[in-house]
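# Commentary on secondary and tertiary structure
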Amino acid sequence: MKALCMLHLACLIGFSAARTREWAHHGAPMFADLTVQEMKAVRSYLHGIPEMKLTDARSKTMERNSILLMELHLPKKHEALRALDRGQARPPRQARVIIQFGNQTTPNITEYIVGPLPSPKSHEVRTFKGKKPVQFESRPITIVEYDHIENLLKRIATQAYKLLFETTGGFSYTNCSNRCLTFSDIAPRGLDPGERRSWIMLQKFVEGYFIHPIGFEVLVNHRDLDPEKWTVEKIWYNSMYFDSVEELIEKYESGEVEKLKLPDHNDEDLYSTYIPRGHSNTPTNIHGPKLVEPQGHRYSIDRNFVEYAGWSFAYRVRSSAGLQVFDLRFNGERIAYEISLQEAIAFYAGDTPAAMQTKYIDAGWAMGTSTYELAPGIDCPEIASFVDLYHYFDTDKPTRHKNALCIFEMTTAMPLRRHFDSNFQGGYNFFGGLENTVLVLRTTSTVYNYDYIWDFLFYPNGVMEVKVSATGYIHATFFTPNGLHYGTKVYDYVLGNLHTHLIHYKVDLDIAGRDNSFETIDLKYVNFTNPWSPNHFIVQSKLHRTEHKTERSAAFRFGKKFPRYVHFYNPSEKNKWGHQKGYRIQFNSHAHSVLPKGWREEVGISWSRYPLAVTRHRDSEATSSSIFTQNDPWEPAVSFEDYIRNNENIVNQDLVAWVTVGFLHVPHSEDIPNTATPGNAVGFFLRPFNFFNEDPSLASKSTVIVRPGQDGKPKVQRWTPEVVGHCVTDKPFFYNGTYAGV
């Protein structure tokens, strides 16, 4: 009878696991990015509404109504959970669409929710929390606007042709063949809301032009929708300011301005190129080590649904911000509903006006759309599964980004765990070990000069890692002696400007259910009489737990002591040993604040005040930033501070952790030509903390145990094929374990 009951229980568990997996798979399409067909259907629907008067996004006039961006509009969480947890019908898919209405008396930016997909029939206006209006001037810059800026720069450069030609040793902006100038524009575009004034610096258009400034910067007012009314407000040349191009040229010709003469660089000694130079001791006739999968993939991908070693999740790449995962489960239990990149900023300092003004807020450049093709063997291993991504931003048709996301399993070349149990007599009692493999979900964003590599990593012991690695070109300005207070001279006339990278993530944890609580754990010294030697005292550490009951209590400021452990748990669910099931966030970061609290642009990035802030989940608090913050950080459409201002109760509630990681980068000569990834990676871990009864990686059959046999020969116990495969080694595993004097 007992055996029959156990069999029945096993059947129920198996059925429950299969059903859970089926529901997760069923729900994954809710989070999939818009398809090409859906994008085209939404465009066709909106262009068919006469009163909108929509025209092509690439039409040359600025006074037009056009679609700026289109991406998936996520369902409300409670609606999504009905599909994920009960197998009910998925809510209808919808698109979020940003339209810029420039062809009207009062231009505006309006967001719409359009659906249902794939055949939209209705639309409604989407507003931000508090119904904050979006300034038309806060819109991202478009290709058409860049074309008009280019035309203005051509006129400026034509006026200053002699100056530019003599300064650069023969470079010009027009009629230049292979000795051309280009430009980089700076944001935010102004000093107050409603402005659209951009500092633009000229550079030599060579490979890696980002680090070839020529010392010519111009402030352009391009607020008016008629480009003929745009004006030049300031010129900066050789550390001097001028009110017009004419003033600069007059003083240049009269000798009142010291003339610059930049050194020339031919293709052979171009310092910004990737072409190898210098001596290397590495053999060039053989390739380095490569990843292999002897018997093929151990993970599965079905559209945007991924399964691996107990893990399952859905993913998307949001056009405005980037990589996201949803419904993250381990062995069928949800760990998190959403883990998503929200924002990336790089705030600079410097001596030139462009450097002073540079405060990049990358969602404002549609960071998620800058996911370009990944190179096999460099960006991802050759064995990776590559996925195309599709975006609709500043375009008239969907744009395909081939092989822009990759998924692969890799070995870390580090055991997940191991132990050598010595007998202290030249032998051993046993050796046990488990190789550490991890699944990686990766994409990149190349926003102007910097390349961000975004990774989500899934380990077999229930640990997830979120990581960003920074590489690409530094943002460089023209060298001045005073610039050494703000950076490092990295080449002739080139200053690498100091800057701080901050990355913001949303982590919507659902630990054993939606109702969670949050505590911090620190240590306190205790001093007491030694019970087995009363004449002595014991001083040791003792756990000190603090339950945080409100949002304000759980918002930790930079500059203040940060707790040793931050722990999210379910008060009603316990593991076998009586502990509340939980996960903790472990930081790998060197972040700090970038501006004083409340100082002008800091208002738009109020999330950057906190390495960690915990809030109660609200569908109205879906993101911590917006695509409009870059060009209006002073009165942002999304203010993260509003999320914690009401100081809601967070005990036994659906909680969201908002995580900020980052690092200070003081450029150095080794950043030429590029910043390298080692030492420039930050992120955080999600680690189980009494969530399981024991290490769940015990289920892995890759474990190897070696014990000495009675005949003195090692006895190997393993659960995978004895020989890995000819592409790795054709020899079976061998281990001796003895040690002796020689």
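Described below are features of the structure shown in this document. Just so you know, these numbers come straight off a predicted model, no measurement behind them.

### Let's talk about the sheet that holds strand S8 (residues 231–237)
Strand pairing in a sheet is mediated by backbone hydrogen bonds. Such pairs are either parallel or antiparallel. The strand order across the open sheet formed by 5 strands is S5-S6-S7-S8-S9, and the pairing between neighbours is antiparallel. Both outer strands of the open sheet, strand S5 (181–185) and strand S9 (240–242), are each paired with one neighbouring strand and no more. On average, each strand axis in the sheet is inclined to that of its neighbour by 25°, with strand direction left out of account. Across the sheet, helix H4 (residues 143–159) is in contact with S5, strand S6 (197–204), strand S7 (213–221) and S8; its angle to S5 comes to roughly 130°. In the packing of helix H5 (residues 161–168) onto the sheet, contacts are made with S5, S6, S7 and S8, and the angle to S7 comes to roughly 150°.

### Quick word on the sheet that holds strand S21 (residues 476–478)
What the 3 strands build is an open sheet, ordered S21-S23-S22; its pairing is antiparallel. Where the open sheet ends on each side, the last strands, each with one partner, are S21 and strand S22 (487–491). The sheet shows a mean angle of 40° between the axes of neighbouring strands, taken without regard to direction. The sheet contact formed by S22 and strand S23 (residues 494–497) spans 4 bridges and is antiparallel. For Lys489, the partnering residue across the bridge sits in S23 and is Leu495.

### Structural notes on the state of the cysteines
According to the stated counting rule, one finds 2 disulfides in the structure shown. Note on cysteine connectivity: Cys176 is disulfide-linked to Cys180, with sulfurs 1.9 Å apart. Of note, the bridge from Cys176 to Cys180 carries an S-S torsion of about 90° and is right-handed in sense. Assigned by exposure class, Cys176 and Cys180 land together as buried.

### Description of a nonpolar patch on the surface
Among the surface-exposed residues, Val292, Val724 and Val728 lie close enough to one another that they form a single nonpolar patch of about 200 Å² accessible area. The residue Val724 is located in the segment after strand S34 (714–718) in this model. Owing to a relative accessible area of 34%, Val724 belongs among the partly exposed residues under this scheme.

### Thoughts on the layout of surface pockets
In this structure, the largest pocket occupies an estimated 1100 Å³ of space. Forming the boundary of the largest pocket are 36 residues, of which Pro294, Thr411, Glu435, Thr437 and Val724 lie nearest the centre. Broken down by secondary-structure element, the contributors of at least two residues to the lining of the largest pocket are strand S17 (399–422) and strand S18 (428–447). With 7 residues, the top contributor of residues to the lining of the largest pocket is S17. Split by residue class, the lining of the largest pocket holds 17 nonpolar, 10 polar and 9 charged.

### Concerning the nonpolar core
Core analysis: the largest hydrophobic core is formed by 143 residues, its most contacted members being Phe216, Ile339, Leu441, Trp454, Phe456, Met464 and Tyr505. At 9 residues, strand S14 (residues 333–348) tops the list of elements feeding residues into this core. Excluding anything up to four places from it in sequence, Phe456 contacts Leu323, Gln324, Val325, Ile339, Leu439, Val440, Leu441, Met464, Glu465, Val466 and Tyr505. Met39, Val42, Val97 and Ile99 belong to the second-largest nonpolar core, a separate cluster that totals 19 residues.

### Observations concerning the environment of Gly433
By the secondary structure assignment, Gly433 is in strand S18. Residues Gly433 and Gly679, 246 residues apart in the sequence, show an inter-C-alpha distance of 29 Å. With residues up to four places along the chain from it excluded, the contact list for Gly433 reads Arg417, Arg418, Ser702, Thr703 and Val704.

### Describing the packing of aromatic side chains
Inspection of every chain in the model, using the stated rule, returns 36 aromatic pairs. Ring geometry for Tyr237 against Tyr252: centres 6.3 Å apart, planes inclined by 75°, an arrangement best described as edge-to-face. Highlighted residues: Tyr237 in strand S8 and Tyr252 in helix H6 (residues 245–254), separated in sequence by 15 residues. With relative accessibility at 2%, the residue Tyr252 sits in the buried group. Seen in terms of ring centroids, Tyr450 and Tyr452 are 6.0 Å apart; in terms of plane orientation they differ by 20°. Their pairing is stacked. Each of the two residues, Tyr450 as well as Tyr452, counts as buried. One aromatic cluster is present, formed by Phe205, Tyr209, Phe210, Tyr348, Tyr360, Trp365, Tyr448 and Tyr473 through successive ring pairs.

### A short note on the side chain of His148
In this fold, His148 is placed in helix H4. Within the local environment of His148, its side chain forms a polar contact with the backbone oxygen of Lys60, the two atoms lying 2.8 Å apart. Among residues more than four places away in sequence, those in contact with His148 are Lys60, Met62, Pro227 and Trp230.

### Quick look at the pattern of salt bridges
Pairs can form between side chains of opposite charge once their charged atoms are near each other. Scanning the model with the defined rule gives 46 salt bridges in all. Glu307 is the partner of Arg21 in a salt bridge, and the nearest nitrogen-oxygen pair spans 2.7 Å. Of this pair, Arg21 sits in helix H1 (residues 2–27) while Glu307 sits in strand S11 (residues 305–308), and the two are 286 residues apart along the sequence. Here Arg21 falls in the partly exposed class, since its relative accessible area comes to 38%. As a salt-bridge pair, Glu602 and Arg609 come within 2.6 Å of each other at their nearest N and O atoms. Judged on exposure class, the residue Glu602 and its partner Arg609 are both buried. One network of salt bridges, in which partners are shared, links Glu71, Arg96, Glu111, Arg126 and Arg318.

Cut-offs used in this document
Residues numbered from 1 in each chain as written. Predicted model: local features only at pLDDT ≥ 70, side-chain atom pairs only at ≥ 80, totals over all residues. Heavy atoms only, no water. Pairing = 2+ DSSP bridges. Helix = DSSP H or I, 4+ residues; strand = E, 2+ residues; numbered from the N terminus. Axes fitted to C-alpha atoms, helices over the stretch in contact; angles between N-to-C directions. Contact = heavy atoms within 4.5 Å. Disulfide = S-S within 2.5 Å. Buried < 20%, exposed > 50% of the residue type's maximum accessible area, 1.4 Å probe, protein only. Patch = residues over 30% accessible without salt bridge, like charges linked within 9 Å, V, L, I, M, F, W, Y side chains within 5 Å. Areas by Shrake-Rupley, 256 points an atom, 1.4 Å probe, with all protein chains shown as cover. Salt bridge = Lys/Arg side-chain N within 4 Å of Asp/Glu carboxyl O. 1 Å grid on protein atoms, 1.4 Å probe; cavity = no way out; pocket = protein on both sides within 12 Å on 5 of 7 lines; lining within 4 Å. Points joined across faces, edges and corners; volume = space filled by probe spheres on them. Nonpolar A, V, L, I, M, F, W, Y, C, P; charged D, E, K, R; others polar. Core = buried A, V, L, I, M, F, W, Y, C linked by side-chain atoms within 4.5 Å. Phe/Tyr/Trp six-rings, centres within 6.5 Å; stacked < 30°, edge-to-face > 60°. Polar contact = N/O pair within 3.5 Å; in protein donor to acceptor, adjacent residues only side chain to side chain.

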